Structures are given as structure tokens and as C-alpha cells.
Amino acid sequence: EIQEKYSAVEDQTACCYMFVEGNPAPTFKFYKGATICQEGGRYKLVSDGDNNNMIMLAITKVKTTDEGEYRVVIENCHGTDEKSFMLYVSDSSGMDFRSMLKKKKYAKWGNDEEGPDWGDLKHNEKEEEPVLKKVKDKPDEWVVPLKDKTVKELEDKKVVFQCTFSKAEQKAKWCF
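Remember, predicted model here, so these are calculated numbers, not experimental data.

Visitor: Just checking my understanding: could you explain the nonpolar core for this structure?
Guide: Among soluble globular proteins, nonpolar side chains are generally buried collectively. Among the nonpolar cores identified, the biggest contains 20 residues, and F30, I55, L57, I59 and L87 are the most heavily contacted of them. Of all the secondary structure elements, the ones that give two or more residues to this core are β1 (5–9), β2 (14–19), β3 (27–32), β6 (54–59), β7 (68–76) and β8 (79–90). The residues contacting I59, other than those within four sequence positions of it, are Q12, T13, A14, R42, Y43, D66, Y70 and L87.

Visitor: Just to check I follow, could you spell out the sheet that holds strand β5 (residues 43–47) for this structure?
Guide: Strands pair in a sheet through their backbones, by hydrogen bonds, and they do so in one of two ways: parallel or antiparallel. Strand order in the open sheet formed by 3 strands is β2-β6-β5, and the pairing between neighbours is antiparallel. Of all strands in the sheet, those with a lone pairing partner are β2 and β5, marking the two edges. Adjacent strand axes in the sheet meet at a mean angle of 15° when their direction is disregarded. Pairing of β5 with β6 involves 5 bridges; the strand directions are antiparallel. Its bridge partner being in β6, Y43 is matched across the sheet by I59.

Visitor: Honestly, the pairing of β3 in this entry has me stumped. Any pointers?
Guide: Regular strands place side chains that alternate from one sheet face to the opposite one. Where β3 lies against β7, 6 bridges are found, and the strand directions are antiparallel. Directly across from K29, in β7, lies its bridge partner V73. Pairing between β3 and strand β4 (residues 35–36): 2 bridges, direction antiparallel. Looking at the pairing, Y31 lines up with I36 of β4.

Visitor: Would you explain the pairing of β6 in this entry?
Guide: Burial analysis of β6 places 5 of its 6 residues in the buried class, which makes it a mostly covered element. Two strands pair when backbone bridges link them, and β2 and β6 are joined in this way by 6 bridges, in the antiparallel orientation. Residue pairing for β6: M18 is matched across the bridge by I55.

Visitor: What should I look at first to understand the packing of aromatic side chains in this one?
Guide: For any pair of aromatic rings, geometry is given as the distance between the ring centres together with the angle between the planes. Tallied over the entire structure, the rule returns 7 aromatic pairs. Centre to centre, the rings of Y6 and F85 are 5.2 Å apart; their planes meet at 80°, and the pair counts as edge-to-face. Within this pair, whereas Y6 is found in strand β1, its partner F85 is found in strand β8, the two being separated by 79 residues in sequence. An identical accessibility class is assigned to Y6 and F85; each is buried. Measuring from ring centre to ring centre gives 5.8 Å for Y70 and F85, while their planes differ by 15°; the resulting arrangement is stacked. Within this pair, whereas Y70 is found in strand β7, its partner F85 is found in strand β8, the two being separated by 15 residues in sequence. Here Y70 falls in the buried class, since its relative accessible area comes to 1%. With a relative accessible area of 1%, F85 lands in the buried category.

Cut-off values and rules
Residues numbered from 1 in each chain as written. Predicted model: local features only at pLDDT ≥ 70, side-chain atom pairs only at ≥ 80, totals over all residues. Heavy atoms only, no water. Core = buried A, V, L, I, M, F, W, Y, C linked by side-chain atoms within 4.5 Å. Buried < 20%, exposed > 50% of the residue type's maximum accessible area, 1.4 Å probe, protein only. Helix = DSSP H or I, 4+ residues; strand = E, 2+ residues; numbered from the N terminus. Contact = heavy atoms within 4.5 Å. Pairing = 2+ DSSP bridges. Axes fitted to C-alpha atoms, helices over the stretch in contact; angles between N-to-C directions. Phe/Tyr/Trp six-rings, centres within 6.5 Å; stacked < 30°, edge-to-face > 60°.

Given below as C-alpha cells:
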């Protein structure tokens, strides 16, 4: 007896449990895709004892990358059986209905050969974009030019040169 879907919240423990019957007690292995889920690390394989009637795959600190299709393979001397199930991991902030709906919606689209029915959509005509007024750039020129000064050595201890350029925030480089 196995559920088709299991869900867990991110960073908590996901428990995928199922009930099996078999005499002698069957052995079991869990797979994600083609990769076996080995006991250890974040994976724990649990059974109820010698008869293995209840088996469980527990994944601690489950991540969104753990989401996907899993398979359990049960085997004893009389044969082998396997069943698949899905594990969904929701955001730790709560149930993430949007992503669940998106998966469901796209899964449904994958079954159809046609795309979605868009119905009677009307053509949307583009409105004209407003024309911006063109601003004239200031020319690169000196508004107040630099003036020559005569200085006497040892008499004038300080000399100040002043000029103004048409563009603000520009740095001047003095060369002499």
C-alpha cells in the first residue's frame, strides 16, 4: 500500500512511508530516478523490525532539489515489485500554491499536443510614445577664462588663479 504523492516543507524531515506484505520478510531499496538512496547522511531507511510490514524513507533537512519522482523496489525469494511516488517540497514560508499550480498547469500542457486555447484575443495596438523635448548641451568652453598674473618672488607669498568652465563637476588639470 503506497501513496502516490508525499509533501514536505523545506528544511524539515520528509517521511515517505508505505505498508508491504511478504513471507519471508522482503528487502527494500529506494531510488530517486536511477540513483539509489543509500542509508546515511540525510537519508534514513526505516522498517518496523523483522517482518518489514511498514517501511519508510526519511530525508532530513529536505531541499527543493529533493523534489521529484522516487521508486521503491521490494524483493524476496518469491519475486520483485516496484512502485513510484512523487515527493513535493514546498517553501519553508508555507505552502507554495503558485508553484504547485504552475507544475500542474504545465504538466497538463505536456499531455496535449496543442498549446493552450487563447480564445478571441484582440490585437493590442501600440500607443505613440511621447516625444521628449531636446535639451541643448552646453558647449565645452571657459565661461570665465584664466587670466595672466604677474608675481614677484619673495614679495607675493600666495597667488590665486580663478576660472569657470561651462560644465559643472569637471576637474581641471593645471599644467605650467
